[in-house]
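Here are the chains, one letter per residue:
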Amino acid sequence: MDSAAADGPHSEPDPAANPLGHGPVLLFTGARLADGRVVDVRISGDRIQAVGTVGSLGPLPALPGTPTVTTGARIDLRGYLLLPAPAEAHAHYDSAFSAALPAPPPDTPADLTRRVTEAALTSLGYGATAQRTHVRIGDVHGLRRLEAVLTARQALRGLAELQAVAMPRLLTGRAGADGRAQLREALKLGATAAGGCPELDPDPAGYVHLLLEAAREADCPVDLHTTAEDSVQLARLASALAPLRPRVTLGPCGALARGASTVLATSGVRVVWLPQNGGCTGLEGRPAGPRPGLVRELTAARVPLAAGSGALRDQSNPVGRADPLESAYLLAAGGELDPEAAYDAVANQARAALGLPPVRVDAGFPAELLAVRGDSLAGALAGGHSRLVVHSGRVVSRTSAVREFADTVALALPRQSGGAGC
């Protein structure tokens, strides 16, 4: 057999002592940045400490009265692109992997926690060090789905940041009494944001009013589902949400009427678009698919735009993937955005939707990074499978892809160079 792609990045010291190769100091060498520069990057703690030309960075300088820090790992990133880590801005982990399960899927605490944890780790392996999942509460679900997410969040501490959006189906009238009580309890338990879909309530305006009331009490953001099909209703929604901006996110807005992007632009809300199929389990009915040109309209109107996965193999998308680079690829391949803007939609724009600070590969910024095999951003989006993920200054995941061909085939094929490929 003939190896046609290089293995993952090489690190020292002995990985047996620390299998993911992190320590007080982490030094990346020979990494290519999105602007084409090749640099060394030194990380100390949870921050990028320095970025310099190749070979210019040594051990972390000693502080007065302290020894020079030399322990840690040195990782060769030649052939890799080093980027701000992406974030998952809109997922539904409580229903992840359920498309292949009996209907209804098992809802035991152990099963829910396992599926949520598996979904979060799947997304992390693709590079998403911060993730937000929408969780159904109330009705037959009670709070057990949220409790499973909170259990998984605790288990994932140090690997990824997991946020939960509590989603009651109904809030208004007598039928919504349980939803109102469950929402307040969910926010007390630790849900990050209040959410749901006003369009599923008989009184959408009343739903938003009650949700905002609960969000103000808990001092938390709002992240709502809407198709945005009705321009008049969208304007009312945006007006009602105005007191809480900029802590308001809407998505996926897949049926937004032409010209209605100005309503979103003036409202100051942020939109999370779902490029895979334009829908998710938070909306009832079959996803209609993303409307061509909608993203271009939103960006032309200067609406803050992030992108998420939406579904991971549930009924709304049985083949859904949790790869942020897949979402960026779809935006770029469809001509909606150039590769740089497409990646920004799943990276810093997604982080902003989660209320997190921006990341740049520069000194002083959070050490939330993704190293992906490729010679350029376009190349990485086209097929960067080997990845190294850094969260809070630690290497938390590695994926090494090796492509091999049978000898009789390989003789007629050129070998891939070390700087490109997968």
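Quick caveat, the model's predicted, so the values are computed rather than measured.

J.: Can you walk me through the overall build of the chain in this structure?
T.: Each helix and strand counted, the chain has twelve helices and 19 strands in total. Here the chain holds 422 residues, and the buried ones make up 53% of them. Expressed as a percentage of contacts within the chain between residues at least 6 apart in sequence, the contacts between residues at least 24 apart total 71%. As displayed, the chain has an accessible area near 17,600 Å², and 55% of this comes from carbon and sulfur atoms.

J.: Hey, could you run me through helix H2 (residues 144–155) in this one?
T.: Side chains of residues three or four places apart in an α-helix project in the same direction, reflecting 3.6 residues per turn. Compared with the 16 Å implied by 1.5 Å per residue over twelve residues, the 16 Å span of H2 between its first and last C-alpha is a close match. All buried positions along H2 are accounted for by Arg145, Leu146, Ala148, Val149, Leu150 and Ala152. Tucked into the core, H2 has its buried residues touching helix H1 (109–126), strand S9 (130–137), strand S10 (161–168) and helix H3 (177–189).

J.: Please clarify how the sheet that holds strand S11 (residues 193–196) should be interpreted in this entry.
T.: What links the strands of a sheet is backbone hydrogen bonding, and the strands pair in either a parallel or an antiparallel sense. Taken together, the eight strands give an open sheet; going across it, the order is S8-S9-S10-S11-S12-S13-S14-S15, and neighbouring strands pair in parallel fashion. This sheet does not close on itself; its edge strands, each paired only once, are strand S8 (87–91) and strand S15 (305–307). Averaged over all neighbouring strand pairs, the angle between strand axes comes to 25°, with direction disregarded.

J.: How should I be thinking about the nonpolar core in this particular structure?
T.: Most often, soluble globular proteins have nonpolar side chains that are buried together. Judged by nonpolar contacts, the single largest core of 76 residues is most densely connected at Leu146, Leu183, Leu241, Leu250, Leu264 and Tyr343. A per-element tally of this core places helix H4 (residues 204–218) first, with seven residues. Discounting chain neighbours no more than four positions away, the residues touching Leu264 are Leu234, Leu250, Leu256, Val269, Val271, Leu298 and Val303. Formed by 22 residues, the second largest nonpolar core is a distinct cluster that contains Ala31, Ile43, Ala73 and Leu82.

J.: Where do I start with the side chain of Asn348 in this structure?
T.: Within the secondary structure, Asn348 is located in helix H10 (residues 348–353). Among the residues examined, Asn348 registers a relative accessible area of 18% and is labelled buried. Excluding anything up to four places from it in sequence, Asn348 contacts Pro84, Pro358 and Val359.

J.: Honestly, the environment of Asp139 in this entry has me stumped. Any pointers?
T.: With respect to the helices and strands, the residue Asp139 is situated in the loop between S9 and H2. For Asp139, a relative accessible area of 47% gives the class partly exposed. On a C-alpha basis, the gap between Asp139 and Asp178 in space is 7.2 Å, while along the polypeptide they are 39 residues apart. With residues up to four places along the chain from it excluded, the contact list for Asp139 reads Arg169 and Asp178.

J.: Looking at this structure, I do not really get the pairing of strand S18 (residues 394–399). What am I missing?
T.: Where a strand is regular, its side chains alternate between the two sheet faces. Here strand S17 (residues 387–391) runs beside S18; their pairing, made up of five bridges, is antiparallel. When the bridges of S18 are listed, Leu388 appears paired with Arg398. Taken together, S17 and the strand that follows it, S18, pair antiparallel across an intervening segment of two residues, in which Ser392 is found at a positive phi of about 50°.

J.: Any chance you could explain the pattern of salt bridges here in plain terms?
T.: Pairs may arise between side chains of opposite charge once their charged atoms sit close together. Applying the stated rule across the entire model yields 18 salt bridges. Note that Arg321 is salt-bridged to Glu326, the shortest N-O span being 2.8 Å. For Arg321, a relative accessible area of 32% gives the class partly exposed. Connected via shared salt-bridge partners are Asp94, Asp107, Arg144 and Arg145.

J.: I would appreciate a short explanation of the confidence of the model for the chain in the present structure.
T.: Do not read the predicted coordinates in detail wherever pLDDT is low. With 87% of its residues at a pLDDT of 70 or more, the chain shows a mean pLDDT of 88. Taken together, the stretch residues 1–7 has pLDDT below 50 and engages in 26 contacts with residues farther than four places along the chain or on a different chain. Counting contacts from residues 11–19, a segment whose pLDDT is below 50, to residues more than four positions away or on other chains yields nine contacts.

So, how was this worked out
- Residues numbered from 1 in each chain as written.
- Predicted model: local features only at pLDDT ≥ 70, side-chain atom pairs only at ≥ 80, totals over all residues.
- Heavy atoms only, no water.
- Helix = DSSP H or I, 4+ residues; strand = E, 2+ residues; numbered from the N terminus.
- Buried < 20%, exposed > 50% of the residue type's maximum accessible area, 1.4 Å probe, protein only.
- Contact = heavy atoms within 4.5 Å.
- Areas by Shrake-Rupley, 256 points an atom, 1.4 Å probe, with all protein chains shown as cover.
- Expected span 1.5 Å × (residues − 1).
- Pairing = 2+ DSSP bridges.
- Axes fitted to C-alpha atoms, helices over the stretch in contact; angles between N-to-C directions.
- Core = buried A, V, L, I, M, F, W, Y, C linked by side-chain atoms within 4.5 Å.
- Salt bridge = Lys/Arg side-chain N within 4 Å of Asp/Glu carboxyl O.
- pLDDT = per-residue confidence, 0-100.

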